[in-house]
Amino acid sequence: MSASGTARAVAVAVPAPLYTAFDYEVPAGWAPRPGMRVQVPFGRRSAVGVVLEEPREVPLAERRLRPLAQLLDDAPLLTAEVLELARWCAAYYQHPVGESVATCLPGPLRGGAPAALATRRAWQLTPAGAAALAQIPPRARAQRALIERLAAGPAEELPEALAATARIAMARGWVERTELEDAPVAAADPASAPSLTPEQADALAQLRKGDGFQVDVLDGVTGSGKTELYLQRAADVVAAGGQVLVLAPEIGLTPQLAGRFAQRFGARVERYHSAMAEGERAQAWLRARAGRCAVVVGTRSAVFVPFARLGLVVVDEEHDTSFKQQEGLRYSARDVAVMRARRLGVPVILGSATPSLETLANVQAQRYRHVRLTRRVHTIAPPAIRLLDLRGQRLKEGLSAPLLQAIGRHLGAGGQALLFINRRGFAPVLLCHDCGWQMPCPNCDARMTLHRARARMVCHHCAAQAPVPVKCGACASGVLVPVGQGTERIEEALHAEFPGKRIERFDSDRIRRRGELERLLDDIRSGDVHVLVGTQMLAKGHDFAGLSLVGILNVDQALYGADFRALERMGQLVTQVSGRAGRGTQPGEVLLQTHEPQHPALHELLRAGYGAFCDTLLAQRRTLGLPPFGHLALLRADAPSAAQAQAFLADARRALPGAQGFSALGPVPAPMERLGGRFRAQLLLRSASRSLLQRTLSAAVPGLDALPSARAVRWSVDVDPADLF
Ligand code: ADP
Ligand code: ZN
Ligand code: ZN
């Protein structure tokens, strides 16, 4: 408290579902700075917050502020750049600022753990020790061995025989204990960089053109050498002293990308993803911040990792929807990456074999550059995709005769086959033959899926489980038939069809334990696995040289998906999955089973290719005012009753300021209204103008929690939703 009737106050972002920062009094002599963590009293609890701004003088009389309890950092932990990025995200995604800032910190740091780089104790030679080497008589073998060993660099561990010698040498002042801060930097492997194909060389020249912020869309089929170009651009940046951020959809699933960076850049590559232990993740974060690594390869949340000298951002598989966070701060890591690069003035590469419509629209508007790779590095011919008309065909567990023949043919020729089906488990429905009953999930508007291997019925929406019923739940009939196919059933059918061949399933049921994925991937690469049956987990960036046949079993669902992005996703999936075929020396073949061989979208995709297919979809989106030409936000609510959820959204709708060019559709029940025992409803907000949508949301969203009807619901706002469910 100062005599002049003012106090020093500082704004702190406290992780709480509230849209404002909170002011605290700064005790005399304290110097909080933006980005430092502070312990603060918050309601009845104590919380770790982050200082948002420089302290300022406030009139004492205005209100009484509670004082900061503790400064947790000596210097700002969050860099100004990341702090501003978090605030931008809070505003854009309409999320409480404290939670948004907390999202940028790895768990332990969020909880207040000291921000210290791990150090390791090691033995090190002193200058006196180095000078002593010449005087040590040859017969003092242990001493010589010790000094020679340490002359090569500090050692964390010494052989048993030298440890005692080291203690004696320490007493003489020849060696000392030290703290090593850095992981040893293994030498990069410069020989591993291949010479580029002419097409790659052209693309690299384009990527190198210009400087500062620039978005390049690296559009190239699977196997065309995109990753090699990321590596080369990264090498440019690293050679100039910069750091590189590489975002990938799921590193846990595709260790290859991080592996290739590690191969090229050695130990200067950090991984950052949710399968890592929290402490490891915090260390990676701190090393990037301290400029101690060259490259961070990470998933979504890595977009908030602070860097000392970020010089390039790469987003691999930029179309992948797992870049969109589906809870809390619902950010798109791709979009935030572009925003971050723009603010920093550094280039971005968005890579994909199937760029999103958003990205292609930016190319058409000439905001992004289009860099193409049209040829595969190793095999020249792209896979031939053929439609298999299922109408009137007799199917064996969903597999048509021509598909089975093709599998036999490829296996006979020493190839491998991959069958893609979008459903795990044995059968999606267990149906009563007598009355048509299907086992419902007790919590959701959904059927339970039969998992025969585990002998369970499982709800794929809320994970509820039940024993497999032996009798119909309605008429007690004992005749229950599994209807439809999942990965388990296809696997079983293939075992019967191709005895003696190794058939493997590749889905989240099969790959549960750590290490299992790597083992399976190794077996596939070595050719031990003949047929692979998997879900979209398989579509993600795996590189199987021996794969010659890809079968897509049920594309029809996607043709009639309820979501406006269903066709875009179908096109991406078909293109990505078929890109898995023929990457080695064998030419690829792709067979697509469908009951809709005349479907115009499917036809265009196969005849004219993904680019032309997207042009058509973009024209449709433009006509309909859908993204990327219109902008959406989805307000979701769930409650114990449908009426409560709808009442809240109706109130929310009234709270939104009306404006020309802005519309609200709903509230309506969500496509799956009951999920996990709660009723869900949604209100779709739409505008042709992004800024109008933003203004409208900003005017109303912070006040929604104060609505009386908000008490009964859980609600969230999703700006640029990835889907409308
Ligand atoms: P993408 O990322 O587009 O799928 P990659 O960069 O992974 O393509 O390249 C496909 C395969 O070709 C990889 O095994 C890669 O190591 C190899 N490759 C890429 N560029 C070259 C090149 N110029 N010379 C030889 N091999 C290459
Ligand atoms: Zn029945
Ligand atoms: Zn359920």
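Within any chain, residue numbers begin from 1 and follow the written order of that chain's sequence. Lettering of chains starts at A and numbering of ligands starts at 1, both following the order in which they are written. Under the rules for a predicted model, residues below a pLDDT of 70 receive no local features and side-chain atom pairs below 80 are neither given nor counted, while totals for whole chains, interfaces and linings still include all residues. Values reported for side chains reflect all heavy atoms of the structure, with hydrogen atoms and water molecules removed beforehand.

Asks: How do you make sense of the coordination of the zinc ion (ligand 3) when you look at a structure like this?
Replies: Note on metal sites: the ideal angle is 109.5 degrees for four tetrahedral donors, and 90 or 180 degrees for six octahedral donors. Of the protein atoms, only Cys 441 (SG), Cys 444 (SG), Cys 459 (SG) and Cys 462 (SG) coordinate the zinc ion (ligand 3), at distances of 2.2 to 2.4 Å. Donor atoms (N, O, S) are those found within 2.8 Å of the metal centre, with the cutoff raised to 3.2 Å for Na, K and Ca; water is not part of the atom list, so apparent gaps in a site can occur. Positions of the donor residues of the zinc ion (ligand 3), expressed as sequence spacing, correspond to C-x2-C-x14-C-x2-C. Pair noted here: Cys 441 is in the loop between β20 (429–432) and β21 (449–451) and Cys 462 is in the loop between β22 (456–458) and β23 (465–467), with a separation of 21 residues, a long-range link. Note on exposure labels: buried denotes an accessible area under 20% of the residue type's maximum, exposed denotes more than 50%, and partly exposed covers the range between, all computed with a 1.4 Å probe on protein chains only. Note on Cys 462: relative accessible area 25%, which makes it partly exposed. By definition, any uninterrupted DSSP run of H or I lasting at least four residues is a helix, any uninterrupted run of E lasting at least two residues is a strand, and each is numbered from the N terminus.

Asks: What should I look at first to understand the site of ligand 1 in this one?
Replies: Proximity criterion: a residue is near a molecule or strand once any of its heavy atoms comes within 4 Å of it. Taken together, the neighbourhood of ligand 1 is formed by 18 residues, with Gln 200, Gly 223, Lys 226, Thr 227 and Arg 260 sitting nearest. Within the contact set of ligand 1, a nitrogen atom lies 2.9 Å away from a backbone nitrogen or oxygen of Ser 195. Definition of a polar contact: a pair of N or O atoms within 3.5 Å, with one able to donate and the other able to accept a hydrogen when the atoms are protein atoms, and with sequence-neighbouring residues admitted only if both atoms are side-chain atoms. Within the backbone of Gly 223, a nitrogen or oxygen atom sits 2.8 Å from an oxygen atom of ligand 1. Exposure was quantified through the Shrake-Rupley algorithm and a 1.4 Å probe, taking into account, for residues, occlusion by the shown protein chains and nothing else. If ligand 1 stood free it would expose 560 Å²; the protein chains cover 79% of that surface. Top contributing element to the shell around ligand 1 by residue count: helix α8 (residues 226–239), with three residues. Its residues assigned to classes, the shell around ligand 1 shows four nonpolar, nine polar and five charged. In the scheme used here, Gly and all other residues not listed as nonpolar or charged are polar, with Ala, Val, Leu, Ile, Met, Phe, Trp, Tyr, Cys and Pro taken as nonpolar and Asp, Glu, Lys and Arg as charged.

Asks: Just to check I follow, could you spell out the pattern of salt bridges for this structure?
Replies: Salt-bridge detection follows one rule: a side-chain nitrogen of Lys or Arg within 4 Å of a carboxyl oxygen of Asp or Glu. If you walk through the whole model with that rule in mind, you get 33 salt bridges. Among the ionic pairs, Arg 87 bridges to Glu 53, the shortest N-O distance being 3.0 Å. Note that Arg 87 is positioned in helix α1 (residues 80–92) and Glu 53 in the loop between β4 (45–51) and β5 (56–59), a separation of 34 residues in sequence. Note on Arg 87: relative accessible area 26%, which makes it partly exposed. Of the charged contacts in the structure, one is a salt bridge between Glu 199 and Arg 375, with a shortest N-O distance of 3.9 Å. Of this pair, Glu 199 sits in helix α7 (residues 198–208) while Arg 375 sits in the loop between β15 (369–373) and β16 (384–389), placing them 176 residues apart in sequence. For Glu 199, a relative accessible area of 14% corresponds to the buried category.

Asks: What is the right way to read the packing of helix α17 (residues 566–578) against helix α19 (residues 610–624) from this model?
Replies: Two quantities define a packed helix pair, namely the angle between the axes and the distance from one axis to the other. Between α17 and α19, the least distance of the axes is 10 Å, while the angle of their chain directions is 170 degrees. It follows from the interaxial angle that α17 and α19 lie roughly antiparallel. For the pair formed by α17 and α19, the contact residues are Leu 567, Glu 568, Met 570, Gly 571, Gln 572 and Thr 575 on the first element and Tyr 610, Phe 613, Leu 617 and Arg 621 on the second. Residue composition of the contact of α17 with α19, grouped by class: five nonpolar, three polar and two charged. Only the stretch in contact is used when fitting a helix axis, every axis being a line fitted to C-alpha atoms; angles between N-to-C directions are given from 0 to 180 degrees. For this classification, under 35 degrees means roughly parallel, over 145 means roughly antiparallel, 65 to 115 means roughly perpendicular, and everything else is oblique. Note on contacts: a residue pair is in contact if any heavy atoms of the two residues lie within 4.5 Å.

Asks: Can you help me understand the pairing of strand β10 (residues 243–247) in this one?
Replies: A regular strand carries its side chains on alternate faces of the sheet. Counted residue by residue, β10 has five buried out of five residues, so it is predominantly covered. Side-chain alternation along β10 places Gln 243, Leu 245 and Leu 247 on one buried face and Val 244 and Val 246 on a second face that is also buried. We call two strands paired when DSSP finds no fewer than two bridges between them. Relative to strand β13 (residues 310–316), β10 runs parallel, the two being bridged by five bridges. What sits directly across from Val 244, in β13, is Leu 312. Relative to strand β12 (residues 295–298), β10 runs parallel, the two being bridged by four bridges. Counted as the bridge partner of Val 244 is Val 295 from β12.

Asks: Sorry if this is basic, but what is going on with the coordination of the zinc ion (ligand 2) here?
Replies: In this structure, Cys 432 (SG), Cys 435 (SG), Cys 472 (SG) and Cys 475 (SG) serve as the protein donors to the zinc ion (ligand 2), at separations of 2.2 to 2.4 Å. Each of the four donor atoms bound to the zinc ion (ligand 2) contributes to angles spanning 104 to 114 degrees, and the resulting shape is tetrahedral. Donor residues for the zinc ion (ligand 2) sit on one chain with the sequence pattern C-x2-C-x36-C-x2-C. Taken together, the residues span a long stretch of sequence, with Cys 435 in the loop between β20 and β21 and Cys 475 in the loop between β23 and β24 (480–483) at a distance of 40 residues. According to the relative accessible area criterion, Cys 435 is partly exposed, its value standing at 42%. Angular criteria define each label, namely tetrahedral for four donors with all angles between 85 and 135 degrees, square planar for four and octahedral for six donors with opposite donors over 155 degrees apart and remaining angles between 65 and 115, and irregular for whatever fails these tests.

Asks: Explanation requested: the sheet that holds strand β30 (residues 662–675) in the structure shown.
Replies: Strands pair in a sheet through their backbones, by hydrogen bonds, and they do so in one of two ways: parallel or antiparallel. Here we have four strands laid out as an open sheet, ordered β30-β31-β29-β32, and antiparallel in their pairing. Two strands lie at the open edges of the sheet, namely β30 and β32 (714–719), each paired on one side alone. This sheet shows a mean twist of 20 degrees between the axes of neighbouring strands, independent of strand direction. Pairing of strand β29 (residues 631–639) with strand β31 (residues 678–687), which is carried by nine bridges, proceeds in the antiparallel orientation. Bridge pairing in β31 places Leu 632 opposite Arg 686.

Asks: Would you take a moment to explain helix α18 (residues 600–608) for this structure?
Replies: Helical geometry: 3.6 residues make up each α-helical turn, so side chains three or four residues apart lie on a common side. Those residues of α18 not exposed but buried are Ala 601, Leu 602, Glu 604 and Leu 605. Viewed along the axis of α18, the buried residues span an arc of 165 degrees, placing them on a single side of the element. Residues of α18 that are exposed and point over 90 degrees away from its buried face: Pro 600 and Arg 607. Structurally, α18 contributes buried residues whose contacts are with β16, α16 (556–559), α17, β28 (589–594) and α19. Positive backbone phi, at 95 degrees, marks Gly 609, one or two positions downstream of α18. The directions considered for the arc are those from the helix axis to the C-beta atoms.

Asks: How do you make sense of the side chain of His 451 when you look at a structure like this?
Replies: Within the element layout of this structure, His 451 appears in strand β21. Given a relative accessible area of 0%, His 451 falls into the buried group. Polar side-chain contacts of His 451 include one of 2.9 Å to the side chain of His 460. Apart from residues lying up to four places away in sequence, His 451 is in contact with Arg 424, Gly 425, Phe 426, Arg 456, Val 458, His 460, Glu 488 and Asp 509.

Asks: How do you make sense of the packing of aromatic side chains when you look at a structure like this?
Replies: Note on aromatic pairs: the rings of Phe, Tyr and Trp (six-membered ring only in Trp) are paired at centre separations within 6.5 Å, and the planes decide the class, stacked below 30 degrees, edge-to-face beyond 60, tilted for the rest. Going through the model one piece at a time under the given rule, you end up with eight aromatic pairs. Judged by centre distance (5.1 Å) and plane angle (80 degrees), the rings of Phe 22 and Phe 42 are edge-to-face. Within this pair, whereas Phe 22 is found in strand β2 (residues 22–25), its partner Phe 42 is found in strand β3 (residues 37–42), the two being separated by 20 residues in sequence. The exposure class assigned to Phe 22 is partly exposed, which follows from its relative accessible area of 23%. Taking relative accessible area as the criterion, Phe 42 reaches 13% and is therefore assigned buried. With a centroid separation of 6.2 Å and an interplanar angle of 40 degrees, the aromatic rings of Tyr 610 and Phe 613 are classed as tilted. Here Tyr 610 and its partner Phe 613 are both found in helix α19, three residues apart, which amounts to about one turn of the helix. Accessibility expressed as a relative area gives 1% for Phe 613, which makes it buried. Among the aromatic residues, ring-to-ring pairing joins Trp 88, Tyr 92 and Tyr 93 into one connected group. Seen from the ring of Tyr 272, Arg 281 lies directly overhead, with NZ or CZ sitting 5.2 Å from the centre. Throughout this description, the term charge over a ring refers to an Arg CZ or Lys NZ atom that lies within 6 Å of the ring centre and within 35 degrees of the ring normal. If you follow Arg 452 out to its NZ or CZ, it ends over the ring of Phe 426, 4.0 Å from the centre.

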